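Structural overview for review
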Amino acid sequence: MGTSNRLLRYAESRKNLTGSVCGLVGVGISLTGAAGGLWPLVVAGLYAAGALIAPPERPDTPRFPDAGEQLDALRADFATLRAYLTEVELPPSAREKLTELATLVEALLEPGWVSDPAHLHVLGRAVRQDVPEAVDTFVRTRWWSRFTPGAEPPESHLERQLAALHEEATAIAAALRDAEAIRQETHTRYVEERGN
């Protein structure tokens, strides 16, 4: 199977097609009688020369998902995360911070807002890695904290992690707000200058 695929790829390749055209030129030269008895060498030589001078095959450029496709996938992952978070038992203060973070992330994931790959990366990391890891670590650690009195409560770590993630998401929202303000200001200037 592999050999026949390779042969088929070579038969369709630029090298074979260019060599075949040059070989046909050799057949034409041979039919005129210019090659004499050496016509097989002329045809083979011209085929080989054509195959050597042909440009090499280029692999197809890989296609990566655009920002819209990445955002759709991230939105689906966020829905999965929200379903998981509704099942987890959290203290009220951590639940409140998590709700604030989830509300902000949900707003940022609305179509038309985030298109910068760096912002998508930060949101993707928060949704796919940071929030699930923080919550899961809290759930696992909470059980052990019963056996170690006097230790720092796991809720404080969870709240600090959620606060840091909220700061990252707030920075993205601020960057989007600034970009929109600049866009509006630029358009205002354009409209005003157009009238002059």
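The text that follows walks through the structure, step by step, so that each part is easy to find.

Points about the packing of helix H4 (residues 67–87) against helix H5 (residues 92–108)
Closest axis-to-axis distance for the H4/H5 pair is 12 Å, and the angle between their directions is 165°. Here H4 lies roughly antiparallel to H5, going by the angle between them. Helix-helix and strand crossings are classified by hand; for H4 and H5 the assignment is left-handed. Mapping the contact onto sequence places Phe78, Arg82 and Leu85 in H4 and Arg95, Leu98, Ala102, Val105 and Glu106 in H5.

A short note on a nonpolar patch on the surface
Among the surface-exposed residues, Val21, Val25 and Ile29 lie close enough to one another that they form a single nonpolar patch of about 240 Å² accessible area. In this fold, Ile29 is placed in helix H2 (residues 14–31). Judged by its relative accessible area of 33%, Ile29 is partly exposed.

Section: the environment of Ser4
Structurally, the position occupied by Ser4 is in helix H1 (residues 2–11). Of the residues examined, Ser4 reaches a relative accessible area of 41% and is grouped as partly exposed.

The rules we used
Residues numbered from 1 in each chain as written. Predicted model: local features only at pLDDT ≥ 70, side-chain atom pairs only at ≥ 80, totals over all residues. Heavy atoms only, no water. Axes fitted to C-alpha atoms, helices over the stretch in contact; angles between N-to-C directions. Helix = DSSP H or I, 4+ residues; strand = E, 2+ residues; numbered from the N terminus. Parallel < 35°, antiparallel > 145°, perpendicular 65-115°, else oblique. Left-handed = near helix turned anticlockwise from the far one by under 90°. Contact = heavy atoms within 4.5 Å. Patch = residues over 30% accessible without salt bridge, like charges linked within 9 Å, V, L, I, M, F, W, Y side chains within 5 Å. Areas by Shrake-Rupley, 256 points an atom, 1.4 Å probe, with all protein chains shown as cover. Salt bridge = Lys/Arg side-chain N within 4 Å of Asp/Glu carboxyl O. Buried < 20%, exposed > 50% of the residue type's maximum accessible area, 1.4 Å probe, protein only.

Shape descriptors only; they carry no functional weight alone.
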